[in-house]
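# Notes for the structure review
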Amino acid sequence: MESQPRGGTRWKRFGLVMVPSVAATAAIGIAFAQGALAASFAVSGQQFKVTTEVLDGSGFTQYGAVDVRHDGERIPVAVSSFERATITGLCQSVVVPTPLGNISVKLTAGNGDRKVEAQNLFIDINNLDANATFTNIDIGVSADHTSKGTGPAQGDEYVPGSFAQQADRAVLRDVKQTAWATSAGTFKLPGLSLSLHRGKNECY
């Protein structure tokens, strides 16, 4: 499948995460150890935490890749992408060290009937816990031949022919996750609220 470009808006500090399979994690770990992958863009030195009540996405694809931190450290990730997704009850938090001590930045959106909406959503996964349901899932597809979603984005570094999985639809409930980066073509956040807190005040 021809690579699709990521959307023009990159949301480095927040995002949602899909389920990284054991096989995908193993494949990217081997490639990382062999030095087969290179970073496509620099990420901050901090992960962020996200919780959601429900993430309902169509055109799901997942594959292994590598991010690079600002200091050059290479980080294996599982990238999950959706053609379209709606999210209910989004909370994202990151703890930022400052001269005044740790400051927690917390963002919430999409509560009640006002759901977050995203198109061409890409998520660089580190860890996730959730209850997931997939519709018409294919596990073990070549990353170069995915057909149900956007597939690998232009600029993403991955091993050609490596492990991927795809599904017509993926629904995750009670999501708790950490991630390095997220990007989207569009990301609509109704009821957006952002607050600062001294010390650690995270979503979970």
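Residues numbered from 1 in each chain as written. Predicted model: local features only at pLDDT ≥ 70, side-chain atom pairs only at ≥ 80, totals over all residues. Heavy atoms only, no water.

### Description of the overall build of the protein
Helices and strands together make up the secondary structure of the protein, namely one helix and 10 strands. Written out in order from the N terminus, the α and β elements of the protein read β-α-β-β-β-β-β-β-β-β-β. Residue burial in the protein is summarised as follows: out of 204 residues, 46% are buried. By sequence separation, contacts in the protein at least 24 residues apart represent 84% of the contacts at least 6 residues apart. Roughly 9,200 Å² of accessible area belongs to the protein as shown, and the carbon and sulfur atoms make up 50% of that amount. (Helix = DSSP H or I, 4+ residues; strand = E, 2+ residues; numbered from the N terminus. Buried < 20%, exposed > 50% of the residue type's maximum accessible area, 1.4 Å probe, protein only. Contact = heavy atoms within 4.5 Å. Areas by Shrake-Rupley, 256 points an atom, 1.4 Å probe, with all protein chains shown as cover.)

### Comments concerning the state of the cysteines
Taken as a whole and judged by the stated rule, the model has one disulfide. Linked covalently through their sulfurs, cysteine 91 and cysteine 203 form a disulfide whose S-S length is 2.1 Å. Residues cysteine 91 and cysteine 203 share a disulfide whose torsion about the S-S bond is about -85°; that sign makes it left-handed. With cysteine 91 in strand S5 (residues 90-98) and cysteine 203 in the segment after strand S10 (193-198), the pair connects residues that are 112 residues apart, well separated along the chain. The same class applies to cysteine 91 as to cysteine 203, namely buried. (Disulfide = S-S within 2.5 Å.)

### Focus on the confidence of the model for the protein
Put simply, the protein has an average pLDDT of 81, and 79% of its residues get 70 or more. Averaged pLDDT values over the elements of the protein bottom out at 38 in helix H1 (residues 22-33) and peak at 96 in strand S6 (residues 101-109). (pLDDT = per-residue confidence, 0-100.)

### So, the pairing of strand S9 (residues 163-188)
Remark: a regular strand shows side chains that alternate across the two faces of the sheet. Of the pairings in the sheet, the one linking strand S3 (residues 48-69) to S9 comprises 14 bridges and is antiparallel in character. Counted as the bridge partner of valine 50 is glutamine 177 from S9. Taken together, the 16 bridges between strand S7 (residues 116-135) and S9 define a ladder with antiparallel strand orientation. Along S9, the bridge assignment pairs asparagine 127 with threonine 178. (Pairing = 2+ DSSP bridges.)

### Concerning the nonpolar core
Grouped together as the largest cluster of nonpolar side chains are 26 residues, with contacts concentrated most on Phe82, Leu90, Val116, Leu121 and Phe187. Only S3, strand S4 (74-88), S5, S6, S7 and S9 provide two or more residues apiece to this core. The greatest single-element share of this core, amounting to seven residues, is contributed by S9. By size, the runner-up hydrophobic cluster in this structure holds 13 residues, among which are Phe122, Ala143, Trp180 and Ala181. (Core = buried A, V, L, I, M, F, W, Y, C linked by side-chain atoms within 4.5 Å.)

### Considering the pattern of salt bridges
Applying the stated rule across the entire model yields six salt bridges. A salt bridge links arginine 69 to aspartate 71, with the shortest nitrogen-to-oxygen separation between them at 2.7 Å. Judged by its relative accessible area of 18%, arginine 69 is buried. In this structure, lysine 148 engages aspartate 138 in a salt bridge whose closest nitrogen and oxygen atoms are separated by 3.1 Å. Of this pair, lysine 148 sits in the loop between strand S8 (138-142) and S9 while aspartate 138 sits in strand S8; the two residues are 10 residues apart in sequence, bridging distant segments of the chain. According to the relative accessible area criterion, aspartate 138 is partly exposed, its value standing at 29%. Beyond isolated ion pairs, a larger network of salt bridges with shared partners links Arg69, Asp71 and Glu73. (Salt bridge = Lys/Arg side-chain N within 4 Å of Asp/Glu carboxyl O.)

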